[in-house]
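Here is what each chain is made of, one letter per residue.
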Amino acid sequence: MKHYPLSIITSVLIWILCLIPIPETQLNEISFIDKWTHFLMYGVFCFVLLLENSRNAKPANFIVILTLPIMQGILVELAQAYLTTCRSGDWFDALCNTLGVLVGLIVYSIWNRNLPL
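Heads up: these notes are all about the structure in this document.

Cut-offs and rules
- Residues numbered from 1 in each chain as written.
- Predicted model: local features only at pLDDT ≥ 70, side-chain atom pairs only at ≥ 80, totals over all residues.
- Heavy atoms only, no water.
- Salt bridge = Lys/Arg side-chain N within 4 Å of Asp/Glu carboxyl O.
- Buried < 20%, exposed > 50% of the residue type's maximum accessible area, 1.4 Å probe, protein only.
- Helix = DSSP H or I, 4+ residues; strand = E, 2+ residues; numbered from the N terminus.
- Polar contact = N/O pair within 3.5 Å; in protein donor to acceptor, adjacent residues only side chain to side chain.
- Contact = heavy atoms within 4.5 Å.
- Expected span 1.5 Å × (residues − 1).
- Arc of directions from axis to C-beta.

Next up on the list: the pattern of salt bridges. Evaluated as defined, the whole model comprises three salt bridges. Here aspartate 34 ties to lysine 35 by a salt bridge, and the two come within 3.5 Å at their closest N and O atoms. On the basis of relative accessibility, which here comes to 14%, the residue lysine 35 falls in the buried class. Close ionic contact of aspartate 93 with lysine 35 constitutes a salt bridge, the shortest N to O distance being 2.7 Å. Separated by 58 residues along the polypeptide, aspartate 93 in helix H4 (residues 91–112) and lysine 35 in helix H2 (residues 33–55) bring together distant segments of the chain. Through salt bridges with shared partners, a single network forms among Asp34, Lys35, Asp90 and Asp93.

To continue, consider the side chain of histidine 38. Here histidine 38 shows up in helix H2. Accessibility expressed as a relative area gives 1% for histidine 38, which makes it buried. Within the structure, histidine 38 has its side chain in polar contact with the side chain of aspartate 93 (distance 3.4 Å). Reaching out from histidine 38, the side chain makes a polar contact with the side chain of asparagine 97 at a distance of 2.9 Å. With residues near it in sequence (within four places) discarded, histidine 38 still touches Cys18, Glu77, Asp93, Cys96 and Asn97.

A few words now on helix H1 (residues 5–19). Here H1 is 15 residues long and its end C-alpha atoms lie 21 Å apart, about the 21 Å a rise of 1.5 Å per residue gives. Those residues of H1 that fall on the buried side of the exposure criterion are Ser7, Thr10, Ser11, Ile14 and Cys18. Angular distribution of buried residues about the axis of H1 spans 100°; they occupy a single face of the element. On its buried side, H1 packs onto H2 and helix H3 (62–83).

So this is what it looks like as structure tokens:
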């Protein structure tokens, strides 16, 4: 846990934001704002995971680093569907989460100037 503090904080923040009721704002008028939000949250989450992993003395398995945020995205959607009354799970959100993870990988690769595959 001490090697991934920002990743843990990011993960907890995503869980909180995805499970609490979100008030209506003018941003709701933007088409697919919820999808863009999921995309951005998981892109940042993946980038932070990869960044902290690159600084870790014992790098974790790359597949695990990509799988964890994708699995969290699916679990968040299931939690929204079955554990809350104020939110609803959406498989399109899970797809946006996954796309965000892939874009996070691409941004990290460009930033780090190498593809960690």
